[in-house]
Amino acid sequence: MLKQGTDVTAFATKAVQEGKAPDFEVPESLLPEVIAHTKTIGGGESVTIEFTAPEVGSYDFICSFPGHAAMMNGKLIVE
């Protein structure tokens, strides 16, 4: 989940450029733009995270694995 104001396209592009195979974890240089993240998981796997909801607003989340952000994304809306 990304902080408000983060350019999602630029973030995803940089994540692909700086990410390292095979897991493509969020690069350390991008962590200041991240509220919460998980490790990369495969088909049939699951992961649970807990975090404190940020202030009221709309927050983008994406999959940073190469090519996935275009379809694997959404918004968390905090009211």
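Residues numbered from 1 in each chain as written. Predicted model: local features only at pLDDT ≥ 70, side-chain atom pairs only at ≥ 80, totals over all residues. Heavy atoms only, no water.

A. Molecular detail of helix H1 (residues 8-18). All buried positions along H1 are accounted for by Phe11, Ala12 and Ala15. An end-on view of H1 places all buried positions within 95° of arc, on one side of the element. Among the exposed residues of H1, those pointing more than 90 degrees away from its buried face are Thr9 and Gln17. Looking at the buried side of H1, the elements it contacts are strand E1 (57-62). The residue sitting at the N-terminus of H1 and contributing the capping side-chain oxygen is Asp7; that oxygen lies 3.1 Å from the backbone nitrogen of Thr9. (Buried < 20%, exposed > 50% of the residue type's maximum accessible area, 1.4 Å probe, protein only. Helix = DSSP H or I, 4+ residues; strand = E, 2+ residues; numbered from the N terminus. Arc of directions from axis to C-beta. Contact = heavy atoms within 4.5 Å. Polar contact = N/O pair within 3.5 Å; in protein donor to acceptor, adjacent residues only side chain to side chain.)

B. Focus on the packing of aromatic side chains. Under the definition given, this model contains one aromatic pair. Considering the side-chain rings of Phe24 and Phe65, the 5.1 Å spacing of their centres and the 80° angle between planes classify their relative orientation as edge-to-face. Of this pair, Phe24 sits in the loop between H1 and E1 while Phe65 sits in the loop between E1 and strand E2 (73-78), and the two are 41 residues apart along the sequence. Since its relative accessible area comes to 16%, Phe24 is described here as buried. (Phe/Tyr/Trp six-rings, centres within 6.5 Å; stacked < 30°, edge-to-face > 60°.)

C. Inspection of the pattern of salt bridges at higher detail. Overall, the coordinates contain two salt bridges when judged by the stated rule. Across the pair Lys75 and Asp60 runs a salt bridge, and its minimum N-O distance is 2.6 Å. Residue Lys75 is found in strand E2, and its partner Asp60 is found in strand E1; the two are separated by 15 residues along the sequence. The exposure class of Lys75 is exposed, given its relative accessible area of 52%. (Salt bridge = Lys/Arg side-chain N within 4 Å of Asp/Glu carboxyl O.)

D. Up close: the environment of Ser29. With respect to the helices and strands, the residue Ser29 is situated in the loop between H1 and E1. For the pair formed by Ser29 and Phe11, sequence separation is 18 residues and the distance between their alpha carbons is 10 Å. Excluding residues that lie within four positions of it along the chain, Ser29 makes contacts with Lys14 and Glu18. Side-chain polar atoms of Ser29 contact the side chain of Glu18, separated by 2.4 Å.

E. Quick peek at a nonpolar patch on the surface. On the surface, Ile41, Val47, Ile49 and Phe51 cluster together into a nonpolar patch covering about 300 Å² of accessible area. As for its placement among the helices and strands, Ile49 is situated in the loop between H1 and E1. Owing to a relative accessible area of 38%, Ile49 belongs among the partly exposed residues under this scheme. (Patch = residues over 30% accessible without salt bridge, like charges linked within 9 Å, V, L, I, M, F, W, Y side chains within 5 Å. Areas by Shrake-Rupley, 256 points an atom, 1.4 Å probe, with all protein chains shown as cover.)

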